[in-house]
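These are the residues of each chain, in order.
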Amino acid sequence: MILVLLGPPGSGKGTQAKRLIDEKHWPQLSTGDMLRSAISQKSALGLEAKGYMDKGALVPDSVVIGLIAERTKQADCANGFILDGFPRTIPQAEALDQMLAGQARRVDRAVLFEIVDSELVSRLSGRRTCVQCGAMYHIVTAKPKADGVCDKCGSSLTQRDDDKIEVIQKRLAVYHQQTAPLTEYYRKAEKLKVLDASLPADEVNRALHQALK
Ligand code: AP5
């Protein structure tokens with residue numbers, strides 16, 4: 001299964017992708033995580049990407065297409081994978097289709113996480129992530145047992161630089177301008193399923209499994 005998770009920032013794509021890793025054993029390919037890892041390694045790519053990400057803008061298509069092209073060639077992607085945060089523009093979706101066609105593969109399903117913007121600001125501003133294992137929390141709805149400490153590995157929790165209110169607003173605007181047209185792209189290709197991402201995470205997970213049938 002090659003699965004695309006579509007939806008605005010904070011709609012729960014990463015949360016559900018991590019659950020699918022445990023449930024289906026498909027790797028999660030998150031361009032956001034790849035770029036943040038490049039930033040923490042202070043690589044040339046990371047330095048370039050940081051300038052865009054801190055402003056809430058998209059990193060150039062050529063950069064993220066290159067990342068995904070390399071990652072999908074790795075052995076763990078042979079039986080499928082979850083794309084979380086890619087594609088984000090029509091040129092990225094077209095490049096993905098071309099890339100997969102060259103490997104005699106294709107996107108099987110795109111699932112849209114539908115939710116209104118007003119719910120996303122509190123989700124994003126309250127999000128905390130483990131610096132070590134990447135586990136995700138929310139200061140109100142998914143609290144760790146001890147404040148600021150990861151339940152899974154005991155490392156500290158941090159807030160993403162782009163989860164500040166002014167950057168969140170910019171990311172939402174970019175989503176509506178540049179990423180939302182992908183809904184129509186996958187609807188026309190008859191690959192689109194839509195779920196209500198405002199439901200509690202367990203219910204979203206059930207809807208996601210339904211959408212994969
Ligand atoms: P990226 O890292 O992809 O961020 P995003 O798409 O903005 O998505 P988020 O990670 O913010 O949200 P999510 O939907 O995964 O929600 P989550 O599960 O974390 O991209 C960051 C930046 O990198 C971009 O702005 C861009 O600059 C660059 N970039 C990345 N990919 C790119 C590309 N392809 N092209 C160009 N540039 C690219 O959940 C959020 C919070 O809500 C959490 O606290 C969680 O606990 C909580 N939550 C989750 N589900 C629920 C629920 N059902 N009910 C209540 N709370 C919930």
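Not measured: the values here are computed from a predicted model.

(A) Layout of the site of the ligand. Around the ligand sit 35 residues in total, of which Thr15, Ala57, Arg88, Arg127 and Arg171 are the nearest. Within the backbone of Gly12, a nitrogen or oxygen atom sits 3.1 Å from an oxygen atom of the ligand. Taking Val59, its main chain carries an N or O atom lying 3.0 Å from a nitrogen atom of the ligand. A total of 1000 Å² of accessible area belongs to the ligand in isolation, and the protein chains cover 94% of it. Elements supplying a minimum of two residues to the shell around the ligand: helix H1 (13-24), helix H2 (31-40), helix H6 (117-125), strand S6 (136-138) and helix H9 (201-211).

(B) Summary view of the sheet that holds strand S8 (residues 192-196). Read from one edge to the other, the open sheet built from 5 strands follows the order S2-S3-S1-S4-S8, with strand pairing classed as parallel. With partners counted over all chains shown, the strands left at the sheet margins are strand S2 (28-30) and S8, one partner each. Sheet twist, expressed as the average angle between the axes of neighbouring strands with direction ignored, equals 25°. Examined bridge by bridge, S2 and strand S3 (residues 81-84) share 3 bridges and lie parallel to one another. Counted as the bridge partner of Gln28 is Ile82 from S3.

(C) Inspection of the pattern of salt bridges at higher detail. Scanning the model with the defined rule gives 13 salt bridges in all. Among the salt bridges present, the one from Arg106 reaches Asp108, with a minimum N-O distance of 3.5 Å. Since its relative accessible area comes to 25%, Asp108 is described here as partly exposed. The closest approach of N and O atoms between Glu184 and Arg187, which form a salt bridge, is 3.4 Å. Here the residue Glu184 and the residue Arg187 both occupy positions in helix H8 (residues 181-188), the gap between them amounting to 3 residues, near one helical turn. The class of Arg187 is partly exposed, set by a relative accessible area of 44%. Overlapping salt bridges bring together Arg127, Arg160, Asp162, Asp163 and Arg171 as one network.

(D) Spotlight on the packing of H2 against helix H3 (residues 44-53). With their axes 7 Å apart at the nearest point, H2 and H3 run at an angle of 120° to one another. The angle between the axes of H2 and H3 places the two elements in the oblique class. The interaxial crossing formed by H2 with H3 has left-handed handedness. Facing Gly32, Leu35, Arg36, Ala38 and Ile39 of H2, the residues of H3 in contact are Leu45, Gly46, Ala49, Lys50 and Met53.

(E) The arrangement of H9 in detail. For H9, the complete set of buried residues consists of Val204, Asn205, Leu208 and Ala211. Down the axis of H9, the sector holding all buried residues measures 120°, keeping them to one side. Every exposed residue of H9 that faces more than 90 degrees away from the buried side is listed here: Arg206 and Gln210. Along its buried surface, H9 packs onto strand S1 (2-6), H1, strand S4 (109-114) and S8.

(F) Structural view of the nonpolar core. Core analysis: the largest hydrophobic core is formed by 31 residues, its most contacted members being Val4, Leu6, Ile68, Leu83, Leu96 and Tyr186. Sorting the residues of this core by element identifies S1, H2, H3, helix H4 (61-71), S3, helix H5 (90-101), S4 and H8 as the ones contributing at least two each. The element best represented in this core is H4, accounting for 6 residues. Dropping the residues within four chain positions of it, Leu6 is found in contact with Lys13, Pro87, Ala110, Val111, Leu112, Phe113, Leu182, Thr183, Tyr186 and Leu192. In terms of nonpolar packing, the next biggest core, distinct from the first, is built from 20 residues, Phe113, Leu208, Ala211 and Leu212 among them.

The rules behind the values
- Residues numbered from 1 in each chain as written.
- Predicted model: local features only at pLDDT ≥ 70, side-chain atom pairs only at ≥ 80, totals over all residues.
- Heavy atoms only, no water.
- Near = heavy atom within 4 Å.
- Polar contact = N/O pair within 3.5 Å; in protein donor to acceptor, adjacent residues only side chain to side chain.
- Areas by Shrake-Rupley, 256 points an atom, 1.4 Å probe, with all protein chains shown as cover.
- Helix = DSSP H or I, 4+ residues; strand = E, 2+ residues; numbered from the N terminus.
- Pairing = 2+ DSSP bridges.
- Axes fitted to C-alpha atoms, helices over the stretch in contact; angles between N-to-C directions.
- Salt bridge = Lys/Arg side-chain N within 4 Å of Asp/Glu carboxyl O.
- Buried < 20%, exposed > 50% of the residue type's maximum accessible area, 1.4 Å probe, protein only.
- Parallel < 35°, antiparallel > 145°, perpendicular 65-115°, else oblique.
- Left-handed = near helix turned anticlockwise from the far one by under 90°.
- Contact = heavy atoms within 4.5 Å.
- Arc of directions from axis to C-beta.
- Core = buried A, V, L, I, M, F, W, Y, C linked by side-chain atoms within 4.5 Å.

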